[in-house]
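# Residue-level structure breakdown
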Amino acid sequence: MRTVLATAVAAATLLAPAATARVAFSGDPCKLVTTKQVAAFGVPTACKPTTLKGPGFTASDARWNPKATGAQPHLFVGVNTYASRSGPVWQIGIQTLSKLPGHAKKVSGIGSAAYESGGDGSTLSVINFVVGNQIVDINLRTPTPPTSLAQLNALAKSVAAKL
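Definitions and cut-offs
- Within each chain, residues carry numbers counting from 1 in the order of the written sequence.
- A pLDDT threshold of at least 70 governs which residues receive local features in this predicted model, and a stricter bar of 80 or more applies before side-chain atom pairs are shown or counted, although totals over entire chains, interfaces and linings include all residues.
- Side-chain figures throughout are based on the complete set of non-hydrogen atoms in the structure, without hydrogens or water.
- We count a stretch as a helix when DSSP gives it H or I for four or more residues in a row; a strand needs E for two or more, and each element gets its number in order from the N terminus.
- Throughout, a contact is declared for two residues whenever any of their heavy atoms are within 4.5 Å.
- The classification of residues rests on relative accessible area computed with a 1.4 Å probe and restricted to protein chains. Under 20% of the type maximum is buried, over 50% is exposed, and intermediate values are partly exposed.
- Pairs of N or O atoms are called polar contacts if they sit within 3.5 Å, as long as, within protein, a hydrogen donor faces a hydrogen acceptor (for residues adjacent in sequence, only side-chain-to-side-chain pairs).
- Definition used for salt bridges: Asp or Glu carboxyl oxygen within 4 Å of a side-chain nitrogen of Lys or Arg.
- When two cysteine sulfur atoms lie within 2.5 Å, the pair is treated as a disulfide.
- A helix's residues, less one, multiplied by 1.5 Å, set its expected span.

## Remarks on the side chain of Gln37
Looking at the secondary structure, you find Gln37 in helix H2 (residues 35–40). Other than its neighbours up to four places away in sequence, Gln37 contacts Leu32, Leu155, Ser158 and Lys162.

Dropping the structure here:
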(Lines give C-alpha, C1' and ligand atoms only; values in the text may rest on other atoms or scores of the structure.)
Protein backbone atom coordinates (compact mmCIF):
# COMPACT_ATOMS: atom_id res chain seq x y z
CA MET A 1 0.00 0.00 0.00
CA ARG A 2 2.80 2.42 0.90
CA THR A 3 4.57 1.68 -2.40
CA VAL A 4 1.42 2.45 -4.37
CA LEU A 5 0.88 5.67 -2.43
CA ALA A 6 4.51 6.72 -2.84
CA THR A 7 4.34 5.97 -6.57
CA ALA A 8 1.12 7.99 -6.92
CA VAL A 9 2.62 10.96 -5.05
CA ALA A 10 5.78 10.82 -7.18
CA ALA A 11 3.74 10.65 -10.39
CA ALA A 12 1.55 13.57 -9.31
CA THR A 13 4.66 15.61 -8.51
CA LEU A 14 6.06 14.97 -11.97
CA LEU A 15 2.80 15.73 -13.73
CA ALA A 16 1.86 18.87 -11.78
CA PRO A 17 4.40 21.19 -13.45
CA ALA A 18 3.29 20.01 -16.90
CA ALA A 19 -0.34 20.71 -16.09
CA THR A 20 0.40 24.27 -14.98
CA ALA A 21 3.19 25.06 -17.45
CA ARG A 22 2.61 28.04 -19.72
CA VAL A 23 4.26 29.22 -22.86
CA ALA A 24 6.91 31.77 -21.90
CA PHE A 25 6.12 35.42 -22.57
CA SER A 26 7.46 36.29 -26.03
CA GLY A 27 8.57 39.77 -24.98
CA ASP A 28 6.04 41.46 -27.29
CA PRO A 29 3.07 42.80 -25.30
CA CYS A 30 1.28 43.69 -28.56
CA LYS A 31 0.55 39.96 -28.84
CA LEU A 32 -1.16 39.92 -25.42
CA VAL A 33 -4.14 41.97 -26.64
CA THR A 34 -6.29 41.30 -29.69
CA THR A 35 -7.26 43.90 -32.26
CA LYS A 36 -10.90 43.32 -31.29
CA GLN A 37 -10.15 44.08 -27.62
CA VAL A 38 -8.37 47.32 -28.53
CA ALA A 39 -11.10 48.43 -30.95
CA ALA A 40 -13.75 47.84 -28.26
CA PHE A 41 -12.17 50.68 -26.25
CA GLY A 42 -12.32 53.11 -29.20
CA VAL A 43 -8.54 53.13 -29.55
CA PRO A 44 -6.70 52.86 -32.91
CA THR A 45 -5.50 49.27 -33.35
CA ALA A 46 -1.93 49.77 -34.61
CA CYS A 47 0.55 48.70 -31.91
CA LYS A 48 4.17 49.70 -31.33
CA PRO A 49 6.26 47.50 -28.99
CA THR A 50 9.49 48.53 -27.26
CA THR A 51 11.87 46.68 -24.95
CA LEU A 52 14.34 48.05 -22.43
CA LYS A 53 16.73 45.88 -20.42
CA GLY A 54 17.89 47.11 -17.05
CA PRO A 55 19.79 45.62 -14.14
CA GLY A 56 17.58 42.81 -12.90
CA PHE A 57 14.58 43.41 -15.14
CA THR A 58 13.29 43.73 -18.68
CA ALA A 59 10.57 46.25 -19.50
CA SER A 60 8.42 45.31 -22.49
CA ASP A 61 5.90 47.97 -23.51
CA ALA A 62 3.13 48.09 -26.09
CA ARG A 63 1.42 51.30 -27.18
CA TRP A 64 -1.69 51.58 -29.28
CA ASN A 65 -1.96 55.07 -30.75
CA PRO A 66 1.60 55.88 -29.59
CA LYS A 67 1.51 59.46 -30.85
CA ALA A 68 -1.55 60.30 -28.76
CA THR A 69 -1.26 63.39 -26.62
CA GLY A 70 -3.42 64.70 -23.81
CA ALA A 71 -6.91 63.22 -23.81
CA GLN A 72 -6.60 61.33 -27.11
CA PRO A 73 -7.59 57.65 -26.79
CA HIS A 74 -4.69 55.28 -26.28
CA LEU A 75 -3.79 51.98 -24.63
CA PHE A 76 -0.51 51.07 -22.96
CA VAL A 77 0.46 47.61 -21.68
CA GLY A 78 3.76 47.29 -19.86
CA VAL A 79 5.17 43.96 -18.72
CA ASN A 80 8.15 44.24 -16.39
CA THR A 81 9.87 40.89 -16.00
CA TYR A 82 12.19 40.63 -12.99
CA ALA A 83 15.18 38.31 -12.62
CA SER A 84 14.48 37.89 -8.91
CA ARG A 85 11.47 38.41 -6.68
CA SER A 86 13.78 39.20 -3.79
CA GLY A 87 15.88 41.90 -5.42
CA PRO A 88 15.61 45.64 -4.76
CA VAL A 89 14.11 46.39 -8.20
CA TRP A 90 11.27 43.91 -7.53
CA GLN A 91 10.67 45.49 -4.12
CA ILE A 92 10.28 48.93 -5.71
CA GLY A 93 7.82 47.50 -8.24
CA ILE A 94 5.73 45.93 -5.48
CA GLN A 95 5.81 49.11 -3.37
CA THR A 96 4.48 51.16 -6.29
CA LEU A 97 1.84 48.63 -7.40
CA SER A 98 -0.97 50.61 -5.76
CA LYS A 99 0.37 54.08 -6.64
CA LEU A 100 -2.15 55.01 -9.33
CA PRO A 101 -3.75 58.24 -10.48
CA GLY A 102 -7.05 58.82 -8.71
CA HIS A 103 -8.40 56.47 -6.05
CA ALA A 104 -6.64 53.07 -6.15
CA LYS A 105 -8.74 50.06 -5.19
CA LYS A 106 -7.53 46.51 -4.60
CA VAL A 107 -9.19 43.97 -6.90
CA SER A 108 -9.14 40.19 -6.89
CA GLY A 109 -9.07 37.56 -9.60
CA ILE A 110 -6.24 39.15 -11.58
CA GLY A 111 -2.82 37.76 -10.79
CA SER A 112 -1.62 37.46 -7.20
CA ALA A 113 -2.11 41.17 -6.41
CA ALA A 114 -3.95 43.83 -8.38
CA TYR A 115 -5.00 47.48 -8.03
CA GLU A 116 -7.18 49.60 -10.30
CA SER A 117 -8.23 53.22 -10.57
CA GLY A 118 -10.64 55.02 -12.86
CA GLY A 119 -14.33 55.00 -13.57
CA ASP A 120 -14.68 58.15 -11.46
CA GLY A 121 -15.46 60.59 -14.27
CA SER A 122 -11.94 60.55 -15.72
CA THR A 123 -11.14 59.19 -19.16
CA LEU A 124 -7.95 57.59 -17.74
CA SER A 125 -8.20 54.11 -16.18
CA VAL A 126 -5.25 52.12 -14.84
CA ILE A 127 -4.72 48.60 -13.51
CA ASN A 128 -1.48 47.13 -12.13
CA PHE A 129 -1.10 43.46 -11.27
CA VAL A 130 1.43 40.71 -10.53
CA VAL A 131 1.79 37.37 -12.31
CA GLY A 132 4.76 35.27 -11.21
CA ASN A 133 7.89 37.40 -11.60
CA GLN A 134 6.12 40.00 -13.74
CA ILE A 135 4.41 43.25 -12.87
CA VAL A 136 1.96 44.46 -15.49
CA ASP A 137 0.72 48.02 -15.98
CA ILE A 138 -2.28 48.74 -18.19
CA ASN A 139 -3.20 52.36 -18.87
CA LEU A 140 -6.25 53.19 -20.93
CA ARG A 141 -7.45 56.61 -22.08
CA THR A 142 -10.92 56.38 -23.62
CA PRO A 143 -12.87 58.98 -25.61
CA THR A 144 -15.48 59.22 -22.85
CA PRO A 145 -15.29 58.36 -19.14
CA PRO A 146 -16.13 54.69 -18.48
CA THR A 147 -19.09 54.00 -16.24
CA SER A 148 -17.46 50.75 -15.10
CA LEU A 149 -14.03 49.15 -15.08
CA ALA A 150 -15.45 45.72 -15.95
CA GLN A 151 -14.13 45.85 -19.53
CA LEU A 152 -10.66 46.90 -18.33
CA ASN A 153 -10.70 44.09 -15.74
CA ALA A 154 -11.65 41.61 -18.47
CA LEU A 155 -8.69 42.83 -20.54
CA ALA A 156 -6.36 42.50 -17.53
CA LYS A 157 -7.59 38.94 -16.87
CA SER A 158 -7.00 38.06 -20.51
CA VAL A 159 -3.45 39.47 -20.40
CA ALA A 160 -2.71 37.70 -17.09
CA ALA A 161 -3.87 34.38 -18.57
CA LYS A 162 -1.34 34.75 -21.41
CA LEU A 163 1.67 35.34 -19.13
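## Examining the environment of Arg141
Its place among the elements puts Arg141 in strand S7 (residues 134–141). Its relative accessible area of 18% is what places Arg141 among the buried residues. Taking the C-alpha atoms as reference, Arg141 lies 5.2 Å from His74; in sequence the two are 67 residues apart. The contacts of Arg141, once residues within four sequence positions are left out, are Val43, Gly70, Ala71, Gln72, Pro73, His74, Ser122, Thr123 and Leu124. Within the structure, Arg141 has its side chain in polar contact with the side chain of Thr123 (distance 2.9 Å).

## A closer look at the pattern of salt bridges
Considering all chains together, one arrives at one salt bridge under this definition. Two residues, Glu116 and Lys105, come together in a salt bridge whose shortest N-O distance is 3.5 Å. Of the two residues, Glu116 sits in strand S5 (residues 113–117) while Lys105 sits in strand S4 (residues 105–107), which places them eleven residues apart along the sequence. A relative accessible area of 46% means that Lys105 is categorised as partly exposed.

## Some thoughts on the state of the cysteines
Under the defined criterion, the tally for this structure stands at one disulfide. Between the sulfur atoms of Cys30 and its disulfide partner Cys47 the distance amounts to 1.9 Å. Between Cys30 and Cys47 the disulfide shows an S-S torsion of about -75°. By sign, it is left-handed. Of this pair, Cys30 sits in the loop between helix H1 (2–20) and H2 while Cys47 sits in strand S1 (residues 47–54), and the two are 17 residues apart along the sequence.

## As for unusual backbone geometry
In the Ramachandran plot, Asn65 falls in the positive-phi region, its phi being about 65° despite a non-glycine side chain. Locating Asn65 in the fold gives a position in the loop between strand S2 (57–64) and strand S3 (74–82). Its relative accessible area of 22% is what places Asn65 among the partly exposed residues.

## Considerations on helix H4 (residues 150–161)
Taking 1.5 Å per residue, twelve residues should reach 16 Å; H4 reaches 16 Å between its end C-alpha atoms and fits that length. Contacts made by the buried residues of H4 are with H2, S3, S4, S5, strand S6 (124–131) and S7.

## A closer look at the environment of Trp64
Relative to the elements of secondary structure, Trp64 occurs in strand S2. Residues Trp64 and Ala46, spaced 18 residues apart in sequence, show a C-alpha to C-alpha distance of 5.6 Å. Here Trp64 is in contact with Pro29, Cys30, Val33, Val38, Val43, Pro44, Thr45, Ala46, Cys47, His74, Leu75 and Val77, once residues within four sequence places are set aside.

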